[in-house]
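Structure at a glance
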Amino acid sequence: MTELAFKRLQDGAYTGPMNRLVSVFVFVILLACSAQTNRPGYTDTPFLPGQKWRVHDADRPYPRVVSPGARRGDPPSDAIVLFDGKDLSKWRSPKWTVEDGATYPGPGAGPLISNEAFGDIQLHLEFATPSKIEGSSQDRGNSGVIIMGHYEIQVLDSWENPTYADGQAAAIYGQWPPLVNASRKPGEWQAYDIIFEAPKFDGDKVVKPAFVTVLHNGVLMHHRKEILGTVEHAKVAHYQPHPAEEPLMLQDHNTLTRFRNIWVRRLTDYDQP
Ligand code: MG
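Conventions and cut-offs
Residues numbered from 1 in each chain as written. Predicted model: local features only at pLDDT ≥ 70, side-chain atom pairs only at ≥ 80, totals over all residues. Helix = DSSP H or I, 4+ residues; strand = E, 2+ residues; numbered from the N terminus. Buried ≥ 20, exposed ≤ 12 C-beta atoms within 10 Å, placed from the backbone. Contact = placed C-beta atoms within 7 Å. Core = buried A, V, L, I, M, F, W, Y, C linked by C-beta atoms within 7 Å. Pairing = 2+ DSSP bridges. pLDDT = per-residue confidence, 0-100.

The next thing to look at is the overall build of the protein. In terms of helices and strands, the protein carries two helices and 15 strands. Counting across all 273 residues of the protein, residues that qualify as buried make up 27%. Residue pairs at least 24 apart in sequence account for 56% of intrachain contacts in the protein once pairs closer than 6 positions are excluded.

Here it is, written out as structure tokens:
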């Protein structure tokens, strides 16, 4: 039908000033229609199991466009930048110091807590434990990324620093050691890339536990690992029900471990705008 209408336009079926106006209007509408119906793909292929879409479905929504950062670790266009090295306006706890594009806790500062609450996220941050080695085991560069204020991915100087396995850098603290130790030397900047799925509760009941994927300096530490519950020291973790979204927290463990370039992306599902 579209082709026929185009042909009639080409053949001059619509003449005269008014008809010309109508023809332009029809042309624009047809163009819009053809743009919708001529999407590449198929309309007669089998349906994918468990999905409402066919294989190569022409009508399946296109993923939205996100511009990646210029360099590895830079925030993509849809990221919420929580700390860009300049100020802590996105956080509570003003006792953290900002210096040379990084932040660290002052004496007795307490945790750094984001103003915004999050559920499922992709999180990027960079940290550097102190160049001067002081203390050992858990007293060396200890901090932590405490997601939702409950689930700690350990930050520690784990360069030639023996400690219990489930407490070293990139551990799900007290639950799972990292798969490998990819720590850089004290004072060097390191990166965590974390994909976190928030737990779901129905009253006191855990409907779905939390899962986490962690890369440390680009190396896989945990692959969608189930989290046992709220972080504990020397106890078995269990879930403490909490809201669907909670702030992100950085631990103050009385060390001068610094953080920079902190951003998150809220995770959305397939086929969502
Ligand atoms: Mg810690």
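Now, onward.
With that settled, the discussion passes to the environment of Val81. Its location among the elements puts Val81 in strand S1 (residues 80-83). Residue Val81 is classed as partly exposed on the basis of its C-beta count, with 15 C-beta atoms lying within 10 Å. Along the primary structure Val81 and Val264 are separated by 183 residues, whereas in three dimensions their C-alpha atoms are 6.6 Å apart. Those residues in contact with Val81 that lie beyond four places of it in its chain are Pro75 and Trp263.

With that out of the way, let us pick up the nonpolar core. One finds Val145, Ile194 and Phe196 to be the most contacted residues of the largest nonpolar core, which totals 42 residues. At five residues, strand S6 (residues 121-128) tops the list of elements feeding residues into this core. The residues contacting Phe196, other than those within four sequence positions of it, are Asp120, Ile121, Leu123, Ile147, Ala210 and Val212.

All right, on to unusual backbone geometry then. Even without a glycine there, the phi angle at His56 is positive, about 60°. One can find His56 in the loop between helix H2 (17-37) and S1. The exposure class assigned to His56 is exposed, which follows from the 12 C-beta atoms found within 10 Å. In the Ramachandran plot, Glu160 falls in the positive-phi region, its phi being about 50° despite a non-glycine side chain. By secondary structure assignment, the location of Glu160 is in the loop between strand S8 (151-155) and strand S9 (190-197). Judged by local crowding, Glu160 falls into the exposed class, with 10 C-beta atoms found within 10 Å.

Here the focus is the sheet that holds strand S5 (residues 112-118). As summarised here, the arrangement of the five strands in space is S2-S5-S14-S7-S8, forming an open sheet in which the pairing is antiparallel. The open sheet has two free edges, formed respectively by strand S2 (91-92) and S8, since each of these has just one partner strand. Here S2 runs beside S5; their pairing, made up of two bridges, is antiparallel. Residue pairing for S5: Trp91 is matched across the bridge by Ser114.

What follows covers the environment of Ala79. Looking at the secondary structure, you find Ala79 in the loop between H2 and S1. Separated by 185 residues in the primary sequence, Ala79 and Val264 have C-alpha atoms spaced 5.5 Å apart. Excluding residues that lie within four positions of it along the chain, Ala79 makes contacts with Trp263, Val264 and Arg265.

Further remarks concern the pairing of S6. Burial of S6 is extensive: six of the eight residues sit out of reach of the surface. The sheet contact formed by S6 and S9 spans seven bridges and is antiparallel. Counterpart to Gln122 in the pairing with S9 is Ile195. The sheet contact formed by S6 and strand S15 (residues 258-266) spans seven bridges and is antiparallel. Considered in S15, the bridge of Glu126 is made with Arg260.

With that settled, the discussion passes to the confidence of the model for the protein. Mean pLDDT over the protein works out to 90, with 86% of the residues at or above the 70 mark. Taking the mean pLDDT of every element in the protein, the minimum, 44, falls on helix H1 (residues 2-10) and the maximum, 99, on strand S12 (residues 211-216). Confidence drops under a pLDDT of 50 for residues 24-35, and excluding neighbours within four residues, the segment shows seven contacts in the predicted structure.

This brings us to the pairing of strand S4 (residues 102-105). The sheet contact formed by strand S3 (residues 96-99) and S4 spans four bridges and is antiparallel. Each bridged residue has a counterpart across the sheet, and for Thr97 the counterpart in S4 is Tyr104. Between S3 and S4, which pair antiparallel and follow one another directly, the connecting turn spans two residues, one of which, Asp100, has a positive phi of 50°.

Further remarks concern the environment of Pro75. Structurally, Pro75 is set in the loop between H2 and S1. Residues Pro75 and Trp263, 188 residues apart in the sequence, show an inter-C-alpha distance of 6.5 Å. Not counting residues within four places of it along the chain, the set of residues in contact with Pro75 comprises Gly69, Val81 and Trp263.

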